[in-house]
Each structure stands twice: as C-alpha cells, then as structure tokens.
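Below are the chains, spelled out letter by letter.
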Amino acid sequence: MEGLRVVSVSLSRFRNHNEWSSELDPGLTVLVGKNAAGKTNILEAVMVASTGTSFRSFVWEDLVMRGEQEARVSIVSSRSGAPSEIDLRITDQGYREYSVNGSKKRTMAEIVGRIPLVSFVPEDLSMSKGASEKRRTPLDALGDRLSSAYSALRVEYARLVRQRNTLLRQGAADRDLEPWDDMLASVGASLTMHRIRLLVRMKPPAVIAYERVSGGEALGVEYLASWADGSALGVEEIAAMSRDEIEKGIGRSLKGARERERDRGMTLSGPHRDDVVLSIQGHPARAYASQGQHRTVALAWKMAEVDVVHEVTGVRPLLLLDDVMSELDSRRRAELSSYVLEGSQSILTTTNLSYFTGEMLGAATVVELGHG
Amino acid sequence: MLYAPPIARLLEELERLPGIGPKSAQRIAYYILRSDEEVAGRLAASLLEVKSAIHFCPRCFDFAEAELCEVCADPERDTTLLCVVEEPRDVVAIERTGEFRGLYHVLGGVISPMDGIGPEQLRVRELLDRVSGGSVTEVVVATNTTVEGETTALYLARMLKPLGLKVTRIASGLPVGGDLEYADEVTLGRALEARREL
Ligand SMILES: [Zn+2]
C-alpha cells in the first residue's frame, strides 16, 4: 500500500493504561470494550503523540497515570516503506519530550505532519449547532495540524487579543491602544487569509460529500466576518480580497467599536469573532437543520478533512473514530463504513460490535480491551 | 531530604536565580561543595564585584563599568544612528555581528499590559529626550519579533516619526516568535542590513 501506515502503538502509564500495546491493521482496527475501558484514551494518546493536540481539551500532567512520574507513548509507522518511531515522554509536571527514531526534537513543527490524521468524536456531531466557536474550532484545529505557520499565527493572535483586552479593561488612552489595533489588524488579516485558504479547500469536498450522504441536498458554506458590517460573505468573495483590504477592514472596525469595546472590556472584531455559516438547501443549518442533517454535516465535514489532509500532505490520513457508529443511523453508518473501508487506515472504538456488518468485521482486526 | 542549614541556604539562593530549578540548584551546590575553597572564593568575589563595579550607562542604559558604557564613550561611533533594543544582552548580540556602528538605547523590556508594563515602565521618556534636539536622524527598532516586541516597535514609531526621524525596523529574517538572543550572527547581520521603514 502506498503512503503512510501506522504499524503499532504502545502506551505506558498513560491515563488509565499501565501498559498497553497493539499492532494495527493496515486497514481497520476496532477497539472494543466497556465504557471505562479507556478506548478513547488510546485514540487520544495516538493524537497527542502525532500532533501535540487532542480532540478534547486536556492538561498535560493529567495524561500521566495518577501517582506515576511519567507516561510514554510510542508510535511505529512506515511511510513508503521507511520506518520511523515517534516517542513521547510526559512527566507528572507536564513537561514533555518528543523524539523521532531516538533523536530529541525541540519544536512541534518537527513532529506535526509525520502522521497526518483526522479524528471523529461524538462532540464533532454538533459542529453545525450552537456557538460560532464550535464551527471555527474544527477549521482552526485542522489548520494547526496542517501548517506550523497557521498554529503560530493563532497563538500570536490569541495573545494579542488578551493583551488588548487588558488595556480595554484598564480604560487605556487611544494612544496606548492604537499600536495594538494595528498589530491585531495585521496578524488578524494574516490569520483570516490562512483560514479562508483552508475553507476554500474544504468547501468543494464538503459540498460533494454532503450531497452524496444526504441523497441530493445542497450544503452552503459562507464566512461571516465580524469586521465586514455583519453580512455573511461568500468564501470566494473573501478569498478574492487582498491581505491589505482585510487588514484595513479589521482596523476600521476596531476604530468604530472603540467605545463599545471599552464598555465591555473586550475586542469585538477580528477572526476570533468570525463565524463559518453553514446552510442546507439555502436555510441556515444552525436554526433549521434536523438532528439527522446536523450529523450529515459533521460526517461530510470529516470526509472533506480527509480529502484536504490527503491533498496537502500527500498521504491518506489515519482516521481515529471514537464511538461515532452508535450515534449514526444505519444509512449514515453504512456511508461511513464504506468510506472507512475505501482505503484509509483507521482505528475505531465501540462498545458494541453489532454496529458493524460482517463484511466490515471480516476485513478488520478486532482488539478487546479489559478493565484498564 | 533534610540538608544542613548552610547547604539549605545556598540551595534557596540558587533556586531564586532565573532558569534554575531544584535539580540544577542541587547540582551547582554539590559542585561548589566538592571544589576547592578558591573556586567558591572567586565566584563570591565576582558576584560582589559585578554589583559594585557595574551600573547603568546614563545615556543608553546598557551596563557600564566606567561613567559611560564602551559604546557611548567611543568617539568613532555614528551618532546619527540609534538602535533601540529590549535588554542589554541584545546589545551584545548586535555588537557581535560587527554590522552596526551607531549607538544604542536599552528600553528595559517591552510593552505588555498583561504584565503591567506600559511605556512609563520602560525607558521611553529617556529615548524621546535623547533624540529630540540631538544628532540622531534614524532610529532602528530592534525589539524581538514577538507580539509585544512588534507592538512596542509600532508604538515607538508613532512617537518618533512626528519628531522628523526616520524609523526603521530590522527585517524579519528572524523566526516568528524568535528571540534576538538566539538568532545566529549571520541572520542578525543580514536583518540589520535589510531594515525596512516603519
Ligand atoms: Zn551607553
């Protein structure tokens, strides 16, 4: 098989796992076990070791088994035949050290991208519901994993917003705020450009996947920029804007909202307040979509992520699917199953093997988990 | 573990130092204990000496041994060119490149509202006093390329330009979020050469 293959995973003193290791199937590995068996923890270990991030928020020291001094995760993979091993060591103080084939790496940029992956967890199923943060987060999380420039910009931008909010709360003078406005507009414009570039890549495969899974419905994807007078713009429309135009737009918006911002003690425009607006058959998904449509959106979005990661990194990503089968109806389950069997390497967790067809289980390696 | 009181006191003092944790403190303390008395004497003397002999240069706020620092006292330096840096260690980094012949001004940090540092906590007033009516025509802002370093550069540009000064920023040949201190000399030399106007 071309591209990437994860050969084995081992954990020690990681969350509830004292020692656990397994070889992985080149296709599908199913981890089956009861709820407290720690299936999700294994997927988390794989993700943390390959990306430094997780599908759930975490504190590093909490990854170490209670009362132990350090946790280890090791992933052996081979890419076009060349083997490589990532080792992650985490201490109970939250200090972590990554090495590849025994040599220590100082930055995450040297780790990220070695094992491209896409995770799909129950929380993802509600991405098209609720607060705008929920729709931005999957996009930004993908950006972080695909580009170290993207994640560096996000870190810088978040810091700028915190610094500026501190000044706003102190009721600082214009003279003190203006340099922060300029920086925020500049870094914010770069971040917006990165985000839109990613959205331009995500949109077509998401639309196609949604149409297929829903049986012909149309998914719409737009970007609501907090600095562009409150109207949602087409993704293509923003993509056509220059960095300078975006920077000026953010700058103008900051200037216009200064008094309101001082009152509320927070920065009210910029990419941290933007929204990805999804619609189905022309109606906003957030307000009008049915439960089933929300799940289809999530499924289509994940399939699009796989395509984009494949396109950007040149290899089909590893899929981590945490207990999502039980959340899908049989039609969507069948879509996902055939997608998984289409050629991705996947690790899937479940409490119940009855969600799977005989065909799927026949092709898979099933690993049973005991009680931690 | 319980240490004899003199060792405990030494460990306590060492752990106060930046970048020294309990383990490093223990390693340093054991090294001193194993060494000749002379080694400890030299270390203690050099600590006291540096405190009594070194003060801030009244012009640029770099460390100085004489009345003025070596750069400020050097008649060969170009007094039309002033390079603003965060800390004295940045002066050392730039001097090492051999590319800069002007004078320096050490701010003593960068603007960071979260840390309670505004222009008043830095040597900004002193900078403005120094350049107004002086021989300086260009100010090169060489603060680090962190969010705070960049914003401080923008703040200074807004203050300095109305005084008729050319304000430039070292070109970002430095990695994003990079510290001037860690930049290698070649990169830094090139960054100084290719400075851009703010
Ligand atoms: Zn001086």
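Residues numbered from 1 in each chain as written. Chains lettered and ligands numbered in written order. Predicted model: local features only at pLDDT ≥ 70, side-chain atom pairs only at ≥ 80, totals over all residues.

Peer 1: Is there a simple way to think about the overall build of chain B in this case?
Peer 2: What chain B contains, in helices and strands, is 8 helices and 7 strands. When burial is assessed residue by residue, chain B has 30% of its 198 residues classed as buried. Of all intrachain contacts in chain B linking residues separated by at least 6 positions in sequence, the fraction that spans at least 24 positions is 56%. (Helix = DSSP H or I, 4+ residues; strand = E, 2+ residues; numbered from the N terminus. Buried ≥ 20, exposed ≤ 12 C-beta atoms within 10 Å, placed from the backbone. Contact = placed C-beta atoms within 7 Å.)

Peer 1: So what exactly am I meant to see when it comes to the overall build of chain A here?
Peer 2: Broken down by element type, chain A carries 11 helices and 15 strands. Against the globule reference of 21 Å for 372 residues, chain A gives a C-alpha radius of gyration of 22 Å, in line with a compact fold. Sorting the 372 residues of chain A into buried and exposed places 43% on the buried side. Of the contacts formed within chain A by residues at least 6 apart in sequence, a portion of 71% connects residues at least 24 apart. (Rg over C-alpha atoms; globule rule 2.2 N^0.38 Å.)

Peer 1: Just checking my understanding: could you explain the environment of S46 of chain B for this structure?
Peer 2: Residue and element names in this part refer to chain B. Examined against the element boundaries, S46 turns out to sit in helix α3 (residues 37-53). When the 10 C-beta atoms within 10 Å are taken as the criterion, S46 is described as exposed. For the pair S46 and T151, spaced 105 residues apart in sequence, the C-alpha to C-alpha distance is 37 Å.

Peer 1: It is not clear to me how the interface of chain B and chain A should be interpreted in this structure. Could you clarify?
Peer 2: Size of an interface, as often reported, equals the accessible area lost when the parts are brought together. With 12 residues of chain B at the contact, the number on the chain A side is 15 residues. Of the residues that constitute the side of chain B that touches chain A, the class distribution is 6 nonpolar, 4 polar and 2 charged. (Nonpolar A, V, L, I, M, F, W, Y, C, P; charged D, E, K, R; others polar.)

Peer 1: Explanation requested: the packing of helix α4 (residues 174-214) of chain A against helix α7 (residues 147-160) of chain B in the structure shown.
Peer 2: When two helices pack together, their arrangement is captured by the angle between the axes and the distance separating the axes. Between α4 of chain A and α7 of chain B, whose axes approach to 9 Å, the crossing angle comes to 125°. When the interaxial angle is binned, α4 of chain A and α7 of chain B end up oblique. Where α4 of chain A crosses over α7 of chain B, the two elements pack in a sense that is right-handed. Residues E178, P179, W180, D182 and M183 of chain A of α4 of chain A form the contact with α7 of chain B, whose participating residues are V147, E150, T151, L154, Y155 and R158 of chain B. Class assignment of the residues belonging to the contact of α4 of chain A with α7 of chain B gives a composition of 6 nonpolar, 1 polar and 4 charged. (Axes fitted to C-alpha atoms, helices over the stretch in contact; angles between N-to-C directions. Parallel < 35°, antiparallel > 145°, perpendicular 65-115°, else oblique. Left-handed = near helix turned anticlockwise from the far one by under 90°.)

Peer 1: When you look at the confidence of the model for chain B in this model, what are you seeing that I'm missing?
Peer 2: Detailed conclusions should not be drawn from predicted coordinates in areas where pLDDT is low. All names here are of chain B. Within chain B, residue pLDDT values average 88, and 87% of them lie at 70 or more. Confidence drops under pLDDT 50 across residues 173-178; counting only partners more than four residues distant or on other chains, this segment forms 16 contacts. Predicted complex metrics record ipTM = 0.81 and pTM = 0.84. (pLDDT = per-residue confidence, 0-100.)

Peer 1: Would you take a moment to explain the sheet that holds strand β3 (residues 28-32) of chain A for this structure?
Peer 2: Within a beta sheet, neighbouring strands are joined by backbone hydrogen bonds and run either parallel or antiparallel to one another. All names here are of chain A. Strand order in this open sheet of 5 strands is β8-β13-β14-β3-β15, and the pairing throughout is parallel. Pairing within the sheet leaves two strands with one partner each, and these edge strands are β8 (117-120) and β15 (365-368). The average undirected angle you get between the axes of adjacent strands in this sheet is 15°. Direction of pairing for strand β13 (residues 318-322) relative to strand β14 (residues 346-350): parallel, over a ladder of 4 bridges. In the sheet register, L319 faces β14, and the bridge partner there is S346. (Pairing = 2+ DSSP bridges.)

Peer 1: Can you walk me through the nonpolar core in this structure?
Peer 2: Side chains of a nonpolar character, in soluble globular proteins, are inclined to be buried together. In this structure, V46, V297, A300 and L320 of chain A together with V84 of chain B are the most contacted members of the largest nonpolar core, which totals 130 residues. With 15 residues, α4 of chain A is the single largest residue contributor to this core. Those residues within four positions of V46 of chain A in sequence are excluded, and the remaining contacts are V9, I75, L320 and I347 of chain A. (Core = buried A, V, L, I, M, F, W, Y, C linked by C-beta atoms within 7 Å.)

Peer 1: So what exactly am I meant to see when it comes to the domain arrangement of chain A here?
Peer 2: Residues and elements named next belong to chain A. Annotation of chain A at the domain level lists domain 1 (4-116 + 316-368) and domain 2 (126-288). Computed from C-alpha atoms alone, the centre-to-centre distance between domain 1 and domain 2 is 31 Å. Residue-level contacts link 6 residues of domain 1 with 5 residues of domain 2. Of the residues assigned to the side of domain 1 that touches domain 2, the class counts are 2 nonpolar, 2 polar and 2 charged. (Domains from an automatic or database assignment.)

Peer 1: Would you mind showing me how to read the sheet that holds strand β9 (residues 219-224) of chain A here?
Peer 2: All names here are of chain A. Strand order in the open sheet formed by 4 strands is β10-β9-β11-β12, and the pairing between neighbours is antiparallel. In this open sheet, the two edge strands, each paired with only one partner strand, are β10 (232-234) and β12 (283-284). Each of β9 and β11 (275-280) touches α4; the most contacted strand, β9, lies at about 160° to it.

Peer 1: Teacher, can you tell me more about helix α5 (residues 88-97) of chain B here?
Peer 2: Because each turn of an α-helix spans 3.6 residues, side chains separated by three or four positions in sequence point in the same direction. For α5 of chain B, the complete set of buried residues consists of D90, V91 and I94 of chain B. Take α5 of chain B and look down its axis: the buried residues cluster within an arc of 105°, on one side only. (Arc of directions from axis to C-beta.)

Peer 1: Please clarify how the environment of A218 of chain A should be interpreted in this entry.
Peer 2: Residues and elements named next belong to chain A. Checked against the element boundaries, A218 lands in the loop between α4 and β9. The class for A218 is exposed, based on 12 C-beta atoms found within 10 Å. Note: C-alpha distance between A218 and Q281 (63 residues apart in sequence) is 5.1 Å. The residues touching A218, leaving out its near neighbours within four places in the chain, are E211 and Q281.

Peer 1: Explain the packing of helix α3 (residues 148-169) of chain A against α4 of chain A here, please?
Peer 2: Residues and elements named next belong to chain A. Where α3 contacts α4, the two axes come as close as 9 Å, and the packing angle between them is 155°. Relative to α4, α3 is oriented roughly antiparallel. Between α3 and α4 the crossing geometry is left-handed. Every residue of α4 that contacts α3 at Y150, L153, R154, E156, Y157, L160, Q163, R164 and L167 is listed here: D176, L177, W180, M183, L184, V187, G188, S190, L191 and H194.

Peer 1: Sorry if this is basic, but what is going on with the pairing of strand β6 (residues 166-169) of chain B here?
Peer 2: Regular strands show a simple pattern: their side chains alternate between the two faces of the sheet. Residues and elements named next belong to chain B. Two elements, strand β5 (residues 138-141) and β6, share 4 bridges in a ladder whose sense is parallel. When the sheet's bridge partners are listed, E138 is paired in β6 with K166. Crossover β5 to β6 through α7 is right-handed. Summarising the sheet, β6 and strand β7 (residues 196-197) pair through 2 bridges and their orientation is antiparallel. (Right-handed = clockwise from strand over helix to strand, strands pointing away.)

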